[in-house]
Amino acid sequence: MFKFIKQYAEKIDHASIYPMISLLIFSLFFVVLLVLVKKMDKERINILSNIPLDEEAATTTSTI
């Protein structure tokens, strides 16, 4: 399978740029995500962190 892909990859001009582009997109995504999390309001973080606990309490009280 790899030989099949390698044959076509060798024929493409400038094929080495594609892994660099994908690495750049991957890194950029996580940098943007990190910036958004760092800028998030502390109150919103507390609300989001309590969601699983609130849902669990709601489901246990509704089943009783």
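It should be emphasised that the depicted structure is a prediction, and the values quoted were computed from it without experimental measurement. (Residues numbered from 1 in each chain as written. Predicted model: local features only at pLDDT ≥ 70, side-chain atom pairs only at ≥ 80, totals over all residues. Heavy atoms only, no water.)

*Asks:* What should I look at first to understand the overall build of the protein in this one?
*Replies:* Of regular secondary structure, the protein possesses 4 helices and 0 strands. Overall, the protein shows an N-to-C arrangement of helices and strands of α-α-α-α. In the protein, which comprises 64 residues, the proportion classed as buried is 0%. (Helix = DSSP H or I, 4+ residues; strand = E, 2+ residues; numbered from the N terminus. Buried < 20%, exposed > 50% of the residue type's maximum accessible area, 1.4 Å probe, protein only.)

*Asks:* Would you explain the packing of aromatic side chains in this entry?
*Replies:* The way to describe two aromatic rings as a pair is by their centre distance and the angle between their planes. On inspection of all chains with the given rule, the structure shows 2 aromatic pairs. Through pairs of rings, three or more aromatic residues link up here, namely Phe26, Phe29 and Phe30. (Phe/Tyr/Trp six-rings, centres within 6.5 Å; stacked < 30°, edge-to-face > 60°.)

*Asks:* Any chance you could explain the confidence of the model for the protein here in plain terms?
*Replies:* In regions of low pLDDT, the predicted coordinates are not meant to be interpreted in detail. Residues with a pLDDT of 70 or more make up 83% of the protein, whose mean pLDDT is 83. Within the protein, helix H4 (residues 51-63) has the poorest average pLDDT of any element, 66, and helix H2 (residues 17-39) the best, 95. (pLDDT = per-residue confidence, 0-100.)

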